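Residue-level listing of the chains:
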Amino acid sequence: DFNSFVTRTNTCGELRSAHVGQEVTLYGWIQYQRQGLFLVLRDFQGLTQIIIPQDEAHSHVKKLLSGAPVESVVRVTGIVSPRPPGQENPKMPTGDIEVKAETAEILNSCKKLPFEIKDFIKKSEALRMQYRYLDLRSFQLQYNLRLRSQTVMRMREYLCNLHGFVDVETPTLFKRTPGGAKEFLVPSREAGKFYSLPQSPQQFKQLLMVGGLDRYFQVARCYRDEGSRPDRQPEFTQIDIEMSFVDQAGIQRLIEGLLQYSWPEERGSITSPFPSMTYEEALADYGTDKPDTRFGMKIVDISACLRRSDIQFVQNALSYPRGTVKAIRIPQGARYLKNKDLESLKESAKSQFNQEIVEIICRPDGSLRSLLTKFLGEKQQSELIQALNMQVDDVVLLAAGEHKQVCSALGSLRLESADLLEAAGLVLRDPAAFHFLWVVDFPLFLPKEENPTELESAHHPFTAPHPSDVSLLYSDPTKVRSQHYDLVLNGNEVGGGSIRIHNAEQQRFVLEEVLKEDSEVLSHLLEALEYGAPPHGGIALGLDRLISLIVDAPSIRDVIAFPKSFRGRDLMGNAPDYVTPEELEPYHIQVSWPLAEKEAKKN
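Because the structure is a prediction, the values reported are computed rather than measured. Residues take numbers from 1 onward in each chain, read along the sequence in its written order. Residue-level local features of this predicted model are given only where pLDDT is at least 70; pairs of side-chain atoms are given and counted only at 80 or more, and the full residue set underlies all totals for whole chains, interfaces and linings. Side-chain descriptors were evaluated using all non-hydrogen atoms of the structure, hydrogens and water having been removed beforehand.

Engineer: Please explain the pairing of strand 3 (residues 46-51) as it appears in this structure.
Structural biologist: Put simply, side chains in a regular strand alternate between the two faces of the sheet. Two strands qualify as a pair provided DSSP detects at least 2 bridges between them. The helix count covers DSSP runs of H or I at least four residues long, the strand count covers runs of E at least two residues long, and both are numbered beginning at the N terminus. Across six bridges, the pairing between strand 2 (residues 38-43) and strand 3 is antiparallel. If you follow Leu41 over to strand 3, its bridge partner there is Thr48. Between strand 2 and strand 3, which pair antiparallel and follow one another directly, the connecting turn spans two residues.

Next comes the structure, spelled out in structure tokens:
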């Protein structure tokens, strides 16, 4: 009941023909006013047309409402009347009625707006974020935040009411966790000692399992100091879950059920079980560990077709242990893509992956046009056409080199090509389709980018090795698969989790011998694992990303009430901000100002 506890009788979105003749009191913002004849009143639920009285007896009401600026907050009391024949508005839920104002009050006048509160008006994102409280009045943001609230409520119902999960808040002030993203530091009054804001409640949820809670869940606030990343937020929300005595299949069934139960009706239904593929399959077929499976254009291995060719760069590539030749086929590429598009694709592969690309175009007569054709006999060309299923006007992008590099480059070009084709008018990805996918069997460790001779956790240091690979952990850790699983939706990672290490000895070995980390930082967790820790596992769903995909928002900032800019700033409140030396003194901190900033502060 939207009208409980408040002084209105109805919202602006609920009046219908059945209310004709009733006296109603509405509160809202003036969306539009026309020549002192009528105005449109808006609140969170919708719009109602208000007729401004023209008779002498109500002249004060006319003066009040005619002179009120747009977006002023008003109270209107009046009688619900049917609209005159022919003046109904079928696009408005309240379009069959209007309210004839009898009394009115301006509760708060609005000064000149920095932008119009209309969804179709283009506004810079910086301006929207500076005046976020105005931007929140838009229909789209209201819809996004309400849908988010309803989805979380349904998730709580499913987890707590149907499956016995316990909602537990975990601390926000903690200590540094080895590995993973950079954490925000919070100074303490003990000299030189700092708290860290957790990038996830990972350790706490494992400790809750040691404590025997069995099933934990939390709508968790998480923090990562990742600098300026375009579509990331320094603080974000996860649906955080952990269970005892569970395996990977159990977690996957739980999440599929949770999403089906909480999925908004207006977005259609989703079917389970979700398809699954291994990390190696995802990389080989799509060039990424988060494949968008709404369209084809899979990567095809054509090494066998070209193994006997005289093409020097192909032979060089195939002479290496992980050498390969692969390609993607862009359907109708010659028709939809311009020469500059193909050049930009090749340049992209070169600059991002240091990967050379050669194109092959299928002419209208079925013959191939490429720098490579002079090195290929008719039989080899025919095998190539068959292997890639080439049709007239298709364009093939071919790459040769080390397996992972080639796959990553072609995976990136696959997505860029799809964007170019869709910009040219060819529909490849149904915007109303939701393709969920589990990606499993990730490597447990990866070489560090800055020092490939050292290893880091592919997921996090608490992930358990695949049962079949446990012995490799001690002999060749680079070959160990993990019990880590990611949930992907339309090419975006929306969740990730794992079965955890519950044996203290194995956890200590991973930290000290494989990752070369100081295990002392995690002594509390290692000790807890020695007191009868149950086997356990869990997952975290990225709520912001999930909701942004459900509502088809261009950015996760459009589903967060008060987001930060992509540089991590709050443009409305101007945070972060300077503090005085006196405020820093209790924390034993002095700021060492760079010279330029010193000069700027002087000026």
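Once you've had a look at it, read on.
Engineer: Just to check I follow, could you spell out the packing of helix 11 (residues 339-353) against helix 13 (residues 403-423) for this structure?
Structural biologist: Packed helices, taken two at a time, are described by their axes: the angle between them and the distance between them. All axes are obtained by fitting lines to C-alpha atoms, using only the stretch in contact for helices, and the reported angles, taken between N-to-C directions, cover 0 to 180 degrees. Direction vectors running N to C along helix 11 and helix 13 enclose 145°, while the axes themselves pass 10 Å from each other. The handedness of the crossing between helix 11 and helix 13 is right-handed. Across from Asp341, Leu345, Ser348, Ala349, Gln352 and Phe353 in helix 11, the residues of helix 13 making contact are Gln405, Ser408, Ala409, Ser412, Leu413, Glu416, Ser417 and Leu420. Each residue gets one of three labels, nonpolar for Ala, Val, Leu, Ile, Met, Phe, Trp, Tyr, Cys and Pro, charged for Asp, Glu, Lys and Arg, and polar for the others, Gly among them. Taken together, the residues that form the contact of helix 11 with helix 13 break down as six nonpolar, six polar and two charged. Crossing handedness is defined as follows: a turn of the near helix away from the far one that is anticlockwise and smaller than a right angle gives a left-handed crossing, while the clockwise case is right-handed. Throughout, a residue-residue contact means that at least one pair of heavy atoms, one from each residue, lies within 4.5 Å.

Engineer: Which parts of the structure should I look at to understand a nonpolar patch on the surface?
Structural biologist: Taken together, Tyr133, Phe562 and Met572 make up a surface patch of nonpolar side chains, about 310 Å² in accessible area. Exposure categories follow from relative accessible area, calculated using a 1.4 Å probe and restricted to protein chains: below 20% of the type maximum is buried, above 50% is exposed, and the middle band is partly exposed. Owing to a relative accessible area of 46%, Tyr133 belongs among the partly exposed residues under this scheme. Think of a patch as exposed residues, more than 30% relative accessible area, with no salt bridge, where like charges cluster within 9 Å and nonpolar side chains (Val, Leu, Ile, Met, Phe, Trp, Tyr) cluster within 5 Å. Only the protein chains shown count as cover for residues, and the accessible areas themselves come from Shrake-Rupley with a 1.4 Å probe. Between Lys or Arg on one side and Asp or Glu on the other, a salt bridge is scored when a side-chain nitrogen of the former is within 4 Å of a carboxyl oxygen of the latter.

Engineer: Hey, could you run me through the sheet that holds strand 3 in this one?
Structural biologist: On the basis of which strands lie adjacent, the closed barrel formed by five strands has the order 1-2-3-5-4 and mixed pairing. When the angles between neighbouring strand axes are averaged without regard to direction, this sheet yields 55°. Bridge count for strand 1 (residues 23-34) against strand 2 is five bridges, and the pairing is antiparallel. Bridged to Tyr32 within strand 2 is Val40. Of the strands in this sheet, strand 1, strand 2, strand 4 (73-82) and strand 5 (97-108) touch helix 1 (residues 59-67), which is tilted by about 75° from strand 5.

Engineer: Can you walk me through the layout of surface pockets in this structure?
Structural biologist: If you roll a probe as big as a water molecule over the atoms, it shows you where there is empty space left. Of the grid points, spaced at 1 Å and generated over the protein atoms alone, those admitting a 1.4 Å probe that cannot get out make up cavities, while open sets with protein on both sides within 12 Å along at least five of seven lines make up pockets; any residue with an atom within 4 Å of a point is treated as lining. Grid points are joined across faces, edges and corners, and a volume is the space filled by probe spheres set on the points. In this structure, the second largest pocket encloses a volume near 830 Å³. Looking at the second largest pocket, it is lined by 29 residues, and the ones nearest its centre are Phe44, Gln45, Gly46, Leu47 and Phe139. By residue class, the composition of the lining of the second largest pocket is 10 nonpolar, 10 polar and nine charged. Each domain's extent was defined by an automatic or database domain assignment. Residue-level mapping places the lining of the second largest pocket at the junction of two domains, with at least three residues from each of domain 1 (17-108) and domain 2 (142-277 + 435-558).

Engineer: Please clarify how the environment of Met155 should be interpreted in this entry.
Structural biologist: Mapped onto the elements of the fold, Met155 is located in helix 4 (residues 139-163). Classification of Met155 by relative accessible area gives buried; the value is 0%. Taking the C-alpha atoms as reference points, Met155 and Tyr261, separated by 106 residues in sequence, lie 7.4 Å from one another.

Engineer: Any chance you could explain empty space enclosed by the protein here in plain terms?
Structural biologist: Counted under the stated rule, the structure contains one cavity of 30 Å³ or more. Around the largest cavity, the lining residues are Met129, Arg132, Phe562, Pro563, Asp570, Leu571 and Met572. Its residues assigned to classes, the lining of the largest cavity comprises five nonpolar, no polar and two charged.

Engineer: Hey, could you run me through helix 5 (residues 202-210) in this one?
Structural biologist: What sets the pattern is the α-helix's 3.6 residues per turn: residues three or four places apart point alike. Of all nine residues that make up helix 5, seven are buried, and the element is covered over most of its length. Against strand 9 (215-223), strand 10 (235-244), helix 16 (523-529) and strand 22 (536-542) lie the buried residues of helix 5.

Engineer: Which parts of the structure should I look at to understand the packing of aromatic side chains?
Structural biologist: Describing an aromatic ring pair means giving the distance of the ring centres and the angle of the ring planes. To pair, rings of Phe, Tyr and Trp, with the six-membered ring standing in for Trp, must have centres within 6.5 Å; the planes then decide the type, stacked if under 30 degrees apart, edge-to-face if over 60, and tilted in the middle. For the structure shown, the criterion picks out 12 aromatic pairs. Considering the side-chain rings of Tyr32 and Phe38, the 6.2 Å spacing of their centres and the 50° angle between planes classify their relative orientation as tilted. Its relative accessible area of 18% is what places Phe38 among the buried residues. With 5.7 Å between their ring centres and 70° between their planes, Trp263 and Phe436 make a pair best called edge-to-face. On the criterion of sequence distance, the pair formed by Trp263 in the loop between helix 6 (248-262) and strand 11 (276-278) and Phe436 in strand 17 (residues 436-440) is long-range, its members being 173 residues apart.

Engineer: Would you mind going over the pattern of salt bridges with me for this structure?
Structural biologist: Pairing of side chains with opposite charge becomes possible as their charged atoms draw close. The full count for this structure, using the stated rule, is 35 salt bridges. Here Asp135 makes a salt bridge to Arg132, at a shortest N to O gap of 3.1 Å. With Asp135 and Arg132 both in helix 3 (residues 132-135) and three residues apart, this pair spans about one turn of that helix. The class of Asp135 is buried, set by a relative accessible area of 3%.

Engineer: How should helix 15 (residues 504-514) be read in this particular structure?
Structural biologist: Within the sequence span of helix 15, burial applies to Ala504, Gln506, Gln507, Val510, Leu511 and Val514. Here the buried face of helix 15 lies against strand 18 (445-447), strand 19 (455-457), helix 14 (470-475) and helix 16. By the N-cap criterion, in which a side-chain oxygen at the helix start approaches the backbone nitrogen of a residue two or three places on, helix 15 is capped by Asn503, the distance to Glu505 being 2.9 Å. Following helix 15 by one or two positions, Lys516 has its phi on the positive side, about 55°. For this analysis, a polar contact is any N or O atom pair within 3.5 Å, provided that within protein one partner can donate a hydrogen and the other can accept it, and provided that sequence-adjacent residues contribute only side-chain to side-chain pairs.

Engineer: Explain the domain arrangement of the chain to me, please; I cannot follow it from the model alone.
Structural biologist: As a measure of interface size, the accessible area lost when the parts come together is often cited. When its domains are assigned, the chain resolves into domain 1 (17-108), domain 2 (142-277 + 435-558) and domain 3 (295-424). Of note, the centres of domain 1 and domain 2, computed from C-alpha atoms alone, are 51 Å apart.

Engineer: I'm lost on a negative patch on the surface in this one. Help?
Structural biologist: On the surface, Glu512, Glu513, Asp518 and Glu520 cluster together into a negatively charged patch. Examined against the element boundaries, Asp518 turns out to sit in the loop between helix 15 and helix 16. The positive count covers Lys and Arg only, the negative count covers Asp and Glu only, and His and the chain ends enter neither. Charge positions are represented by NZ for Lys, CZ for Arg, CG for Asp and CD for Glu.

Engineer: How should I be thinking about the environment of Cys305 in this particular structure?
Structural biologist: Within the secondary structure, Cys305 sits in helix 8 (residues 303-306). Among the residues examined, Cys305 registers a relative accessible area of 10% and is labelled buried. In the structure, Cys305 is positioned 80 residues away from Ile385 in sequence and 10.0 Å away in space, judged by C-alpha atoms.

Engineer: Please explain the pairing of strand 5 as it appears in this structure.
Structural biologist: Where strand 3 meets strand 5, two bridges bridge the pair, whose relative direction is parallel. When the sheet's bridge partners are listed, Ile51 is paired in strand 5 with Lys100. Direction of pairing for strand 4 relative to strand 5: antiparallel, over a ladder of 10 bridges. For Thr77, the partnering residue across the bridge sits in strand 5 and is Thr103.

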